[in-house]
Structure formats: structure tokens, C-alpha cells
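What follows is the residue order along each chain.
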2 protein chains.
Amino acid sequence: MLGVLQVERTSYRRCALTLKDIAERARRDATVPVAERDVERALSALLSSEDIWRVIDLSGVPVMALVRVLSALREAGFLDWDGGRLVLTPEGREFAGSLGIGPKLELKCPHCGGRGTTLGPVGKIADKFKEIARDRPEAIQDYDQGYVTEETTLYRVAFMWSRGDLFGKELIVLGDDDLVSIAAGLTGAPKRIVVLEIDQRLVDFIRDVADKEKLPIEVKQHDLREPLPPDIKGKFDAFFCDPTESLRGFKVFAERGIAALKGPGSAGYLGLTHCEASYGKWREIQRFFLDAGAVIAELRDAFHDYVNWPYIDHMRSWPHLPVHRIPGRDEIWYRSALIRIELVEGPHIQERRYEGDIFSDDEAATT
Amino acid sequence: MLGVLQVERTSYRRCALTLKDIAERARRDATVPVAERDVERALSALLSSEDIWRVIDLSGVPVMALVRVLSALREAGFLDWDGGRLVLTPEGREFAGSLGIGPKLELKCPHCGGRGTTLGPVGKIADKFKEIARDRPEAIQDYDQGYVTEETTLYRVAFMWSRGDLFGKELIVLGDDDLVSIAAGLTGAPKRIVVLEIDQRLVDFIRDVADKEKLPIEVKQHDLREPLPPDIKGKFDAFFCDPTESLRGFKVFAERGIAALKGPGSAGYLGLTHCEASYGKWREIQRFFLDAGAVIAELRDAFHDYVNWPYIDHMRSWPHLPVHRIPGRDEIWYRSALIRIELVEGPHIQERRYEGDIFSDDEAATT
């Protein structure tokens, strides 16, 4: 089974035109930047609505760029609006399909004015994912592990889908004690999922699940202190990682993730806490993102809830706590923000080899 | 009436100690940064819970800094934990109260796993606010106006409260066609609200409402192209503005807002769209924030929904649209992200005088 969801995945013949061609046509005489990802976003919106205002809203493309993209799509025979509706032609649908572009999903929570996220289609795999996760390897301190709740992993995957970074995409997960690869794989949405993981237990677990469930996941054992294997570098549309939070360690994860991206329009997702990172450290990390060619596209604090790990009374901050009560497994106190970055240029990354401890700095609390 | 909410505002005698004193004690022998705002966040969390894990979670302070703050509070006689609970002493409550610190509000939407925002106590002023807003001046193109839905303004104010930037705080609003000052004033939470507004109609309207409802709002007519009046500069805990989106115009608003802040720990809220700003522009804006001494603390895309303005068929992008249908007033298509920044250092702002048009650049769509 290729995912439990009935994701429409017709096989399309490859079209002679590319996103780049459309972007280039849209750029002619334009005074605003038009990115290839803008064309993709426009097509995704057009697959969801034929109304001009909804397409503007759903696409998230600057209006003055969007109107150029729409004209270029019409010129290519992919779009028609003579009847006052924006209608993709059969060729336009074929074009979007051949590029693996699916309809835009909003996934806005109806209870808080759309300011939160719903699971949408990801809800359908929730039971299956939780059943699989029941047998997961327990978190160990050696690799600064500590995984998020299953619900969190599902919300994260839904969020990535709603941002256009899951369906039809090539996804890499750097360190996967959260089992993002499995949840993403179960949806049937991504084209390809690669996991780099240092822990042999997780490598085996994810590989076994992928085999059994026939998920398009490749798992490679890899120490992220080493540069990426050459067949990984520059090959992905999106990465996910939940880095260790020493400044050095965070950058190791982020550097590898960014180096794995194809280029402008590719996206990265990372977790970042307050528990182990001051706003001073956040700011240094943000400067690093900008310098690498990325923009911070979303930053949702406390998006991720963590299950308490078994080594809590051996963590660095434990002896410093005023009260020594071990919290219940599901008594959530450790959370992290979800950050989405997107490459605007580059990536500008100097790939280095790191040695020794990457987990510790003065603000570290759980290692 | 000082706000329709029953906000507890006992009068406290000023304590001999300050946040700075506690932060300095906490910093002794510390290897991690401890900000004054960390002390404030810890006190706010301690007013909400006596449980160590909830206090860690609610405070959002790095654990290794928090434990120093807790020790310093105990040393000062403000906190006790002998019974295994973190209990503020009467002196500790008095101290927090004298500084205008209230209990931490979470306001997490229960329907989407806490990833959205609820109105909480702000819900109680919703009807009153909507009734007042019924008579608001209509948006005009001269100042690139276009206001958010009343619901959005309420959510925004609730969000600010949940982030500790409303209760007991001095707030400045730079341009207020959204009537943030009125919603904030009605809650009774802020200590002081100042509005700088160029449009005489809005100046009069907000002033009339403030008089009638006895809200602590001062309205000053001011053109933001001019530097801040000296009695405004460096005087506020938080600012809100929804800038015009030319890069130059955005910076004018943001510079004035940041220059109005007291210093590290002070926060700013700004809106930013995709409709009129590419990710390239977003990235330049983010670099500006970091250079000014701020961190991006939150970035929630599509938080703000806008009511359609009456000059929609006169906006810059109109002739370029493929379909010319005027959307209904409440047919939302124009949204903006809510960005929260917080000063880590500085502010580093060069205050300049600007001349001429600040509304236009190539990406502008609505001016």
C-alpha cells in the first residue's frame, strides 16, 4: 500500500514546458520578482478555486507577481478566464499534475478564526500512526533524544502539507525520533522520503515499518557531524529536523538540512525551544538563516509538545531545580516552536566536518 | 469606567527592589544570560501556577536561567518552595503587583491542540467593541488605509495579552484604523495607551470614544515621516503598527515603533502580507529587525483578515487583474501575518526624517 490515503496520483506525461519557463515568461517586462515557486503556488491555488480573490488569497503570491504568472499561464494555453472564472485547461491540469502539484489545502481551525491548524486528511492516518508508534524505541540521552507526542507529529505533517511542502515533494528528515517520515509516508502524499539517522535502533525500526507498510522511505545511518553524502546534497524540496539546541549543534543540523535543499523555493522546518535557548540565541540562529539565503516564513511558538523522556532525573538542569518531582509521561512542559524557512537565494552554506560534542552549551538543560 | 473587564488592579506600594535588582542577583555566577524580562515572565508564570513544570512551561524562560531567577526571588523573600510547591510570598505578590505584572494567560485554542489562539477575557468586550466600531470612519486611499475585521482586532489584543504585552503595560499604536487602542482600552488591562495617527477623522473618533468610555488613551496627530516627539521616544513596553508595505514605508513605521520602546524585553507587533511583499522583501525586513536589536519571537501567517475597502476598483493592481469582480465587503482575500518582535539589545535605530511618498514600490498592489 502506498499510504492509506486515497491521494490522486494519475500518471501524467511530462510536459515540454517547466515551471522555470513559465516564471521566465512571467518575468518579461515585470518590475517585481517572480519565483518558480510563485508559479507552483499559483497552480496549487488554481486547482482549489476558480475565483480571483480566493486564488489571490490561497496562492500567497504578491498580487503584482501573480497577475504576471496568470498571464503567462494563459499564454501557454494552461488557463482561461473568458467566463469570469479562472479555469485551468486540460493542458494546465496535465502540466500541474506532471509536476506533482496538488490542490492547496488550507487546514484552518474553524474554532479560532482560522488561526490554528487542523489535521485535515492527515487525521485519517492518525490511528494507524499511533498503533505503529506504540512499538517505537524509547528516547535515550546519548543523542539528546526526546520525541514529540504522536498528535504533534501529525499536526506537523498536516502543517507541511498546507504549506505545499509535502504533496508530490522530495522530503528529507535529519534525525527522526519523532517518526515524521512514517507519518508523512502513511499519507501517501510525498514523492520520496529520505531519513538520515544516527541511532541504529531507529534506523531498523523505520526501515521495518517502511518495508511492512510499503512506504517510499529510504533510511540511511549517518552522523550529521559529517557532511552530507553527495547523492543527498541539493536533492530535496523540504527538510525537517528537530535540532539539539546548543548553538553549534543547532547550526550543524540546520546546515545539513539547508545543504540538502534544491534551491530557491525549497523549505526547511525546525524546532526551537525556550527551555534551552534564550532570545539572544534565537536571534543568532535567525541571522544564520538569513545569511544562508532563507527567509523565516512562519514561526509558531509552542507548536510541538514533547513526551517526557525516561532520563529526566539525569538531565543537566535536574540538580538545579528547586523541586524534584518527576512529571508524568504526558504532563507536557517541554515544548518547541515550529519554524518554517524558505530559500530566497542560495543556499549559501559552507559544509564543514564537526568533531566532538555538539550537544552542550551553557543554556543546555536536558542533555 | 476603566474598561469593562474586572481586572484586578489593587494599588501596591512600590517595593524597594526592582526587576533589575533581581536579574542582577540571578546573574551572579551564572553562565547564561538572564534578562529583566525573564524575571517578569517568571513572576507572571508563578502567579498562574505553583507547579515547577507548569512554571517552566508558562514562563518561556530558558531552564538554566529560570532556576537562577527562582533562587534570586527566594533570596529576596519573594518565593518559597519548602512544601514542594512554588509559592509566592505575600511580599512576592506585592512585588509583582507593584510592577503591574499579572498572571500568565495561555489562551490556547482547545480544538486544534492549542496551536491557535482563543479570545479568553477579551471575548467579554467583543460586543461593546463591535458596537463602537459600527461608527468608525471608512478606509480611504490617501493613507493606504484598509482595516482588519473587528474579530481580528480582538484576537490581536488577546494574543498581545497572552504574550505579556498588554496587562500593566504602556502601549503605543502607530496608525490606528484598526482601532486597536479602543479594544485594548476596553479590556482595562494596559496602564497607558498612546495613539499616533495622521488622519484627523480617526484622531477625533478615537478621542471621542476614549472620552465617552473613560479609556486611558491619548491620541496625538502625527505624520510618521517625522521623528517621534521627544516625550514618546523610549517610553513604551510595546508597540503595534500595520505598516504600509513598500520597503521604505514599512521601515518608517517599524523604525518609529522600535524607537518608542524602552529597551530589551520590550516588544513590537507588525502586520505583513504576501499580497504586497515577496519573500525577498520579507527577508530584508527581517534583517532590519535583527540589526535593530530585535529577535523575531512569533510569525503567524494569515492571522489578520481585512474588510474590503471601498476603493478596491481604484487600487494599483485592479487594471492588471484578469477578472474584474468587486468582492463582497466580508469576502476576505487580503490577509497579513502577525509578527511579534522583542528587543534583545538596543534599540539600534537611526531616527531620520522622510519626505515624499512612502506608500509605493513595485510590489505595491492596493495603493
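Note that the structure is a prediction, hence the values are computed from the model and not measured. In every chain, residue numbers begin from 1 and rise along the written sequence. All chains are assigned letters beginning with A, and all ligands numbers beginning with 1, in the order in which they are written. Local features are withheld for residues below a pLDDT of 70 in this predicted model, meaning they are given only at 70 or higher, and side-chain atom pairs are given and counted only at 80 or more; totals for whole chains, interfaces and linings count all residues. To get the side-chain values, all heavy atoms of the structure are used, and hydrogens and water are removed first.

Here we come to the overall build of chain A. Each helix corresponds to a stretch of at least 4 residues labelled H or I by DSSP, and each strand to a stretch of at least 2 residues labelled E; elements are numbered beginning at the N terminus. Of regular secondary structure, chain A possesses 11 helices and 9 strands. Counting only C-alpha atoms, chain A reaches 70 × 45 × 40 Å along its principal axes. The criterion used for residue contact is that any of the two residues' heavy atoms lie within 4.5 Å. Taking all contacts inside chain A whose residues are at least 6 apart in sequence as the whole, residues at least 24 apart take part in 74%. Each accessible area is a Shrake-Rupley result for a 1.4 Å probe, and residues are judged covered by the shown protein chains and nothing else. Entry remark: accessible area of chain A is about 13400 Å², with carbon and sulfur atoms responsible for 48%. In chain A, 50 positive and 60 negative side-chain charges are present, and the distance between their average locations comes to 4 Å. When charges are counted, neither His nor the chain ends are considered; positive counts come from Lys and Arg and negative counts from Asp and Glu. Every charge is mapped to an atom, namely NZ of Lys, CZ of Arg, CG of Asp or CD of Glu.

For the least-squares superposition of copies, only C-alpha atoms count, and only for residues with pLDDT at least 70 in both. You can overlay chain B on chain A at an RMSD of 0.0 Å; the transform is a turn of 180° with a shift of 0.0 Å along its axis. Taken together, the rotation and translation relating the two chain copies correspond to the operation of a two-fold axis. Closest to the rotation axis within chain B is the C-alpha of Gly116(B), separated from it by 1.8 Å. Comparing interface residues between copies, 99% of those in chain B also lie at the interface in chain A; the contact surface is shared.

Bringing the interface of chain B and chain A into the picture now. Listed per partner, the contact involves 80 residues of chain B and 79 residues of chain A. Taken together, both faces of the contact between chain B and chain A bury some 6800 Å²; the carbon and sulfur share is 61%. Note on terms: buried area is the combined drop in 1.4 Å-probe accessible area of two parts once they are placed together, counting the loss on both. Counting the surface chain B buries against chain A, the share from its top three residues, Trp53(B), Arg115(B) and Arg283(B), is 14%. Salt bridges are defined as contacts in which a side-chain nitrogen from Lys or Arg sits within 4 Å of a carboxyl oxygen from Asp or Glu. Linking chain B to chain A there are 12 salt bridges.

Further remarks concern the nonpolar core. Formed by 90 residues in total, the largest nonpolar core has its most connected members in Ile182(A), Ile217(A), Ile182(B) and Ile217(B). Judged by nonpolar contacts, the second largest core, of 78 residues, contains Leu247(A), Trp282(A), Phe288(A) and Cys241(B). We define the nonpolar core as a collection of buried residues of types Ala, Val, Leu, Ile, Met, Phe, Trp, Tyr and Cys that are connected through side-chain atoms lying within 4.5 Å of one another. For every residue, the accessible area obtained with a 1.4 Å probe (protein chains only) is divided by the maximum for its type, and the residue is called buried under 20%, exposed over 50%, and partly exposed between those limits.

Pairing is possible between side chains of opposite charge, provided their charged atoms come close. Tallied over the full model, the rule gives 81 salt bridges over all chains. A salt bridge links Glu351(B) to Lys233(B); the shortest N-O distance between them is 3.4 Å. With Glu351(B) in the segment after β9 (335-343) and Lys233(B) in the loop between β5 (217-221) and β6 (238-241), this pair connects stretches of sequence that are 118 residues apart. The partly exposed category is assigned to Lys233(B), whose relative accessible area is 44%. Here the salt bridges share partners, and the residues they tie into one network are Arg54(A), Asp57(A), Glu106(A), Lys108(A), Arg115(A), Glu151(B), Asp305(B) and Arg335(B).

Here we come to the state of the cysteines. All names here are of chain B. By definition, disulfides here are pairs of cysteine sulfur atoms that lie within 2.5 Å. As enumerated under the stated definition, the model contains 0 disulfides over all chains in all. Cysteine 241 forms no disulfide, and the closest cysteine sulfur to it belongs to cysteine 275, at a distance of 18 Å. Cysteine 241 sits in the buried class, given a relative accessible area of 0%. Taking the relative accessible area as the measure of exposure, cysteine 275 reaches 5% and is therefore buried.

Once that is clear, we can look at the pairing of strand β7 (residues 267-272) of chain B. All names here are of chain B. Counting buried residues along β7, 6 of its 6 residues qualify, which places the element largely inside the surrounding structure. Alternating residues of β7 divide into Ala267, Tyr269 and Gly271 and Gly268, Leu270 and Leu272, and every residue in both groups is buried. When DSSP finds two or more bridges between two strands, those strands count as paired. Here 4 bridges tie β6 to β7, and the two strands are oriented parallel to one another. Each residue of the ladder has a partner; that of phenylalanine 239, found in β7, is glycine 268.

For the rest of this paragraph, the subject is the packing of aromatic side chains. Any two rings among Phe, Tyr and Trp, with Trp reduced to its six-membered ring, count as a pair given centres within 6.5 Å; such a pair is stacked if its planes are under 30 degrees apart, edge-to-face if over 60, and tilted if neither. Following the criterion strictly, the structure yields 26 aromatic pairs over all chains and no others. Taking 5.7 Å as the distance between ring centres and 55° as the angle between the ring planes, the aromatic pair formed by Trp309(A) and Trp333(A) counts as tilted. Taken together, the positions of Trp309(A) in the loop between β8 (294-305) and β9 (335-343) and Trp333(A) in the loop between β8 and β9 put the pair 24 residues apart, joining distant regions of the chain. On the basis of relative accessible area, Trp309(A) is assigned to the buried category, the value being 5%. Given a relative accessible area of 1%, Trp333(A) falls into the buried group. Every member of this aromatic cluster is reached through a ring pair, and the members are Trp53(A), Tyr306(B), Trp309(B), Tyr311(B), Trp333(B) and Tyr334(B). If you follow Arg136(A) out to its NZ or CZ, it ends over the ring of Tyr147(A), 3.6 Å from the centre. The criterion is that NZ of a Lys, or CZ of an Arg, lies within 6 Å of the ring centre and within 35 degrees of the ring normal, and then a charge sits over that ring.

With that settled, consider the domain arrangement of chain A. For chain A, the assigned domains read domain 1 (2-98) and domain 2 (120-343). An automatic or database domain assignment supplies the residue ranges for each domain. A separation of 31 Å is found between the C-alpha centroids of domain 1 of chain A and domain 2 of chain A.

What follows concerns the packing of helix α6 (residues 126-133) of chain A against helix α8 (residues 180-187) of chain A. Residues and elements named next belong to chain A. The geometry of α6 relative to α8 is characterised by a closest axis approach of 10 Å and an angle of 145° between their N-to-C directions. Handedness of the α6/α8 crossing: right-handed. Between α6 and α8, the contacting residues are Lys128, Phe129 and Ile132 on the first element and Ile182, Ala183 and Leu186 on the second. Gly is put with the polar residues, along with every residue not named as nonpolar or charged; the nonpolar set is Ala, Val, Leu, Ile, Met, Phe, Trp, Tyr, Cys and Pro, and the charged set is Asp, Glu, Lys and Arg. Classifying every residue of the contact of α6 with α8 by side-chain character gives 5 nonpolar, no polar and 1 charged. Only the contacting stretch of a helix is used when fitting its axis, a line to C-alpha atoms as for every element, and angles between N-to-C directions run 0 to 180 degrees. Handedness of a helix crossing follows the sense of rotation of the near helix relative to the far helix, less than a right angle counterclockwise being left-handed and clockwise being right-handed.

What follows concerns the pairing of β8(A). The side chains of a regular strand alternate between the sheet's two faces. All names here are of chain A. Of all 12 residues in β8, 12 are buried, a share of seventy percent or more. As defined by bridge partners, β8 adjoins β9 across 8 bridges and the pair is classed as antiparallel. Paired with arginine 300 across the bridge in β9 is leucine 338.

With that settled, consider the environment of Thr273(A). Residues and elements named next belong to chain A. Among the structural elements, threonine 273 can be located in the loop between β7 (267-272) and α11 (279-291). With relative accessibility at 1%, the residue threonine 273 sits in the buried group. Ignoring sequence-local partners within four residues, the contact set of threonine 273 consists of Glu245, Trp282, Tyr334, Arg335 and Ser336. Pairs of N or O atoms are called polar contacts if they sit within 3.5 Å, as long as, within protein, a hydrogen donor faces a hydrogen acceptor (for residues adjacent in sequence, only side-chain-to-side-chain pairs). Polar side-chain contacts of threonine 273 include one of 3.3 Å to the backbone nitrogen of cysteine 275.

What follows concerns the confidence of the model for chain A. Confidence in the prediction for chain A averages 93 pLDDT; 96% of positions are at 70 or higher. For this predicted complex, the interface score ipTM comes out at 0.92, while the overall pTM is 0.93. pLDDT is a residue-level measure of predictor confidence that goes from 0 to 100.

Right, let's get into the side chain of Ser181(B). By the secondary structure assignment, Ser181(B) is in helix α8 (residues 180-187). Given the relative accessible area of 0%, Ser181(B) is considered buried.

So, about α6(A). Residue and element names in this part refer to chain A. Regarding α6, the residues found buried are Ala126, Phe129, Ile132 and Ala133. Projected down its long axis, α6 carries its buried residues within an arc of 130°, all on one side. Those residues of α6 hidden inside the fold are in contact with α7 (150-162), α8 and α9 (200-213). Each direction from the helix axis to a C-beta atom contributes to the arc, which is the arc of those directions.

To continue, consider unusual backbone geometry. Excluding glycine, residues mostly carry a negative phi; peptide bonds, for their part, are mostly trans. Residues and elements named next belong to chain A. Cis geometry is found at the peptide bond from glycine 346 to proline 347, where omega equals 15°. Mapped onto the fold, proline 347 is located in the segment after β9. One non-glycine residue, leucine 179, lies in positive phi territory at about 60°. Along the chain, leucine 179 turns up in the loop between β3 (170-174) and α8.

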